[in-house]
Amino acid sequence: MIDNLRIVFKLLTDSRFKRDVTAFKCISPMFSRLGWDLLEKKGIIASIMDSGGISATELAKKHGVSHLEMLEAILDVLVGAGSLSLRSNNYFYIKPPRHPLPSEIVFLEKYYPHSMVCARSLYSKSEDSLMRGTTSVAHDFSDTTSVLLWDNIMQESPYSFRNYALQKLLKLAKADDSILEIGCGGGIAIEQLLLSSTKSIRIVGIDPSLEYLKLARKRVDNLKKSSNPMVAANAS
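Every value quoted in this text rests on a predicted model; they were computed, and no experiment measured them.

Would you mind showing me how to read the overall build of the protein here?
Looking only at helices and strands, one finds twelve helices and four strands in the protein. When burial is assessed residue by residue, the protein has 37% of its 236 residues classed as buried. Long-range pairs, those at least 24 residues apart, make up 66% of the contacts in the protein between residues at least 6 apart in sequence. On the protein, roughly 13500 Å² of surface is accessible, and the fraction owed to carbon and sulfur atoms is 59%.

The following block contains the structure:
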């Protein structure tokens with residue numbers, strides 16, 4: 001109850017939090033529509049409409065889909081959007097998802113430009129991934145360009161929600177506790193923890209990408225120069 005009241009309070013007072021909530025509301029119809037358009041292009045939507053209920057496995061066989069998990073993910077997004085229903089592992093047609101409003105696209109382009117670049121990049125390769133089973137998106141996470149793009153995305157729409165979770169974590173942490181972040185990426189969460197902590201803590205981040213770890217190390221090294229003694233000490 002108290003946590004719910006805090007969220008309501010942030011919605012009323014925190015402009016960044018309100019903006020991030022709006023972003024999630026805007027991006028939902030966009031991804032639903034992109035998924036619908038892809039499946040419609042491949043004739044999968046028509047098969048669902050004509051079938052009176054059909055499974056993802058049957059759809060994959062009928063349309064030569066190699067990436068079954070991706071197909072299931074798109075279908076489940078459309079179930080969540082209310083465009084399809086799922087009963088006994090069969091998908092049923094309800095209605096097309098709405099198109100995103102021009103104002104929603106303008107809002108996302110203005111405040112979340114890197115996220116939009118990533119979304120367009122993913123969509124441009126989604127048909128190949130779906131039909132051929134390929135999973136590469138031009139770059140892997142060892143590539144500096146992709147790392148910097150994804151790092152910018154992590155500073156966009158998830159920021160407020162991640163920060164809220166980190167503040168709760170800091171309340172649970174005791175002085176001199178150690179925190180392990182698995183999949184630390186470029187160290188954005190580590191940076192937020194170090195800047196926010198009022199007690200001595202030790203944070204260890206691990207990630208399979210060396211490029212990401214270089215970026216995280218750079219962030220922590222910059223905090224060692226902080227004029228705040230606690231921040232500098234925790235970063236050391």
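Past the structure itself, the notes keep going.
When you look at the packing of aromatic side chains in this model, what are you seeing that I'm missing?
Working definition: an aromatic ring pair is given by the centre-to-centre distance plus the angle between the planes. Taken as a whole and judged by the stated rule, the model has five aromatic pairs. Centre to centre, the rings of Phe107 and Tyr112 are 6.1 Å apart; their planes meet at 50°, and the pair counts as tilted. Summarising the burial analysis for this pair, Phe107 and Tyr112 share the class buried. Connected via pairs of aromatic rings, a cluster forms that spans Phe17, Phe24 and Phe161.

Before we go on, may I ask you to explain the nonpolar core in this structure?
Nonpolar side chains tend to gather and get buried jointly when the protein is soluble and globular. Among the nonpolar cores identified, the biggest contains 20 residues, and Leu39, Leu71, Leu75 and Leu130 are the most heavily contacted of them. Going through the elements one at a time, helix 2 (15-41), helix 3 (44-51), helix 4 (56-63), helix 5 (68-80) and helix 7 (113-132) are the ones with two or more residues in this core. Not counting chain neighbours up to four residues away, the residues in contact with Leu71 comprise Leu39, Ile44, Ala56, Leu59, Ala60, Val65 and Leu130. Leu193, Ile203, Leu223 and Val231 belong to the second largest nonpolar core, which has 14 residues in total.

Before we go on, may I ask you to explain the environment of Met30 in this structure?
Along the polypeptide, Met30 turns up in helix 2. Along the sequence, Met30 and Ala119 sit 89 residues apart, while their C-alpha atoms lie 9.7 Å from each other. Residues in contact with Met30, not counting those within four places in the same chain, are Pro100, Ile105, Leu108, Met116 and Ala119.

How do you make sense of helix 2 when you look at a structure like this?
Each α-helix turn comprises 3.6 residues. Residues three or four places apart therefore point the same way. If you check helix 2, its first and last C-alpha atoms are 39 Å apart, about what 27 residues at 1.5 Å a residue would give, namely 39 Å. Measuring from the side-chain oxygen of the N-cap residue of helix 2 to the backbone nitrogen of Arg16 gives 3.0 Å; that N-cap residue is Asp14. Remark: Gly43 follows helix 2 within two positions and exhibits a positive phi of approximately 80°.

Would you mind going over the pattern of salt bridges with me for this structure?
A side chain with one charge may pair with a side chain of the opposite charge, provided their charged atoms come close. On inspection of all chains with the given rule, the structure shows twelve salt bridges. Across the salt bridge formed by Arg16 and Asp20, the nearest N and O atoms sit 3.2 Å from each other. Here Asp20 and Arg16 lie together in helix 2, a separation of four residues that amounts to about one turn. Looking at Asp20, the relative accessible area reads 0%, which means it is buried. The partner of Glu127 in a salt bridge is Lys41, and the shortest N-O contact between them spans 2.7 Å. Here the residue Glu127 occupies a position in helix 7, and Lys41 occupies one in helix 2, the gap between them amounting to 86 residues. Beyond isolated ion pairs, a larger network of salt bridges with shared partners links Lys41, Lys42 and Glu127.

What's the story with the pairing of strand 2 (residues 90-93) in this structure? I'm lost.
Within a regular strand, side chains alternate between the sheet's two faces. Bridge count for strand 1 (residues 84-87) against strand 2 is four bridges, and the pairing is antiparallel. Paired with Arg87 across the bridge in strand 2 is Asn90. Remark: two residues form the turn of the hairpin made by strand 1 and strand 2, two consecutive strands paired antiparallel; Ser88 in that turn has positive phi of roughly 55°.

Even after reading the chapter, I still don't get a nonpolar patch on the surface, so can you show me in this structure?
Residues Leu180, Ile182 and Ile206 make up a contiguous nonpolar surface patch of roughly 320 Å² in combined accessible area. Inspection of the secondary structure assignment puts Leu180 in strand 3 (residues 177-182). Residue classification places Leu180 among the exposed residues on the basis of a relative accessible area of 53%.

Looking at this structure, I do not really get the packing of helix 9 (residues 159-172) against helix 10 (residues 188-196). What am I missing?
For any two helices packed against each other, the geometry is given by the interaxial angle and the distance between the axes. Two elements in contact, helix 9 and helix 10, have axes whose closest approach is 10 Å; the angle formed by their N-to-C orientations is 50°. As far as their axial angle goes, helix 10 and helix 9 are oblique. In this structure, helix 9 crosses over helix 10, and the sense of that crossing is right-handed. Across the interface between the two elements, Tyr159, Arg162, Asn163, Leu166, Gln167, Leu169 and Leu170 of helix 9 pack against Ile188, Ala189, Gln192, Leu193 and Ser196 of helix 10.

Explain helix 7 here, please?
Relative to the 28 Å expected for 20 residues at 1.5 Å per residue, helix 7 spans 29 Å between its end C-alpha atoms, a close match to the ideal helical length. If you look at helix 7, its biggest bend is around 45°, right at Lys125. Listed as buried for helix 7 are Ser115, Met116, Cys118, Ala119, Ser126, Ser129, Leu130 and Met131. A positive backbone phi angle near 85° is found at Gly133, which sits one or two residues after helix 7.

Conventions and cut-offs
Residues numbered from 1 in each chain as written. Predicted model: local features only at pLDDT ≥ 70, side-chain atom pairs only at ≥ 80, totals over all residues. Heavy atoms only, no water. Helix = DSSP H or I, 4+ residues; strand = E, 2+ residues; numbered from the N terminus. Buried < 20%, exposed > 50% of the residue type's maximum accessible area, 1.4 Å probe, protein only. Contact = heavy atoms within 4.5 Å. Areas by Shrake-Rupley, 256 points an atom, 1.4 Å probe, with all protein chains shown as cover. Phe/Tyr/Trp six-rings, centres within 6.5 Å; stacked < 30°, edge-to-face > 60°. Core = buried A, V, L, I, M, F, W, Y, C linked by side-chain atoms within 4.5 Å. Expected span 1.5 Å × (residues − 1). Polar contact = N/O pair within 3.5 Å; in protein donor to acceptor, adjacent residues only side chain to side chain. Salt bridge = Lys/Arg side-chain N within 4 Å of Asp/Glu carboxyl O. Pairing = 2+ DSSP bridges. Patch = residues over 30% accessible without salt bridge, like charges linked within 9 Å, V, L, I, M, F, W, Y side chains within 5 Å. Axes fitted to C-alpha atoms, helices over the stretch in contact; angles between N-to-C directions. Parallel < 35°, antiparallel > 145°, perpendicular 65-115°, else oblique. Left-handed = near helix turned anticlockwise from the far one by under 90°. Bend = angle between axes of the 7 residues up to and from the residue.

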